[in-house]
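# Analysis of the macromolecular model
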Amino acid sequence: MYKLTTIYDGGISKETYGYSDALEAFDAFARCVDVGFGMETATYNLTLPNGKMYTKNFDRKGLVSQK
């Protein structure tokens, strides 16, 4: 199971979506391109079935980081 977790403003709001198909999961992760519904920050985590995690961090000032 692939899981996409969205965390806004350091954990104030959190959403988790599950995907059984890898292509759908990576497509949803690729569509995460801005702060979204967050007031200041947004963190998007894609967790793979083997435990590996990909992360994107965005803030309202335009700073972006990925792991």
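Keep in mind it's a predicted model, so treat the numbers as computed, not measured. (Residues numbered from 1 in each chain as written. Predicted model: local features only at pLDDT ≥ 70, side-chain atom pairs only at ≥ 80, totals over all residues. Heavy atoms only, no water.)

### Focus: the packing of aromatic side chains
Under the defined criterion, the tally for this structure stands at three aromatic pairs. With a centroid separation of 5.8 Å and an interplanar angle of 70°, the aromatic rings of Tyr-44 and Phe-58 are classed as edge-to-face. Linking Tyr-44 in strand β3 (residues 41–47) with Phe-58 in strand β4 (residues 53–59), this pair joins segments that are 14 residues apart in sequence. Exposure class is identical for Tyr-44 and Phe-58. Each is buried. Sitting over the face of the ring of Phe-29, Lys-56 holds its NZ or CZ atom 4.7 Å from the ring centroid. (Phe/Tyr/Trp six-rings, centres within 6.5 Å; stacked < 30°, edge-to-face > 60°. Helix = DSSP H or I, 4+ residues; strand = E, 2+ residues; numbered from the N terminus. Buried < 20%, exposed > 50% of the residue type's maximum accessible area, 1.4 Å probe, protein only. Lys NZ or Arg CZ within 6 Å of the ring centre and 35° of its normal.)

### Considerations on the environment of Glu-24
If you trace the backbone, Glu-24 turns up in helix α1 (residues 22–30). Take Glu-24: its relative accessible area is 45%, and that puts it in the partly exposed class. As for Glu-24 and Thr-41, which are separated by 17 residues in sequence, their C-alpha atoms are 24 Å apart.

### So, the pattern of salt bridges
Applying the stated rule across the entire model yields one salt bridge. Residues Arg-31 and Asp-27 are paired through a salt bridge, measuring 3.3 Å at the closest nitrogen-oxygen approach. Its relative accessible area of 42% is what places Asp-27 among the partly exposed residues. (Salt bridge = Lys/Arg side-chain N within 4 Å of Asp/Glu carboxyl O.)

### Remarks on the confidence of the model for the protein
The predicted model of the protein has a mean per-residue pLDDT of 90, with 97% of residues at 70 or higher. Per-element mean pLDDT across the protein ranges from 74 in strand β5 (residues 64–66) up to 96 in α1. (pLDDT = per-residue confidence, 0-100.)

### What about the nonpolar core?
Ranked by size, the top nonpolar core spans 14 residues in total, and within it Leu-4, Tyr-19, Tyr-44 and Leu-46 carry the most contacts. Listed by contribution, the elements that provide at least two residues to this core are β1 (2–8), α1 and β3. Residue contacts for Leu-4: discarding those within four places in its chain leaves Glu-15, Thr-16, Tyr-17, Tyr-19, Ala-28, Phe-29, Cys-32, Asn-45 and Leu-46. (Core = buried A, V, L, I, M, F, W, Y, C linked by side-chain atoms within 4.5 Å. Contact = heavy atoms within 4.5 Å.)

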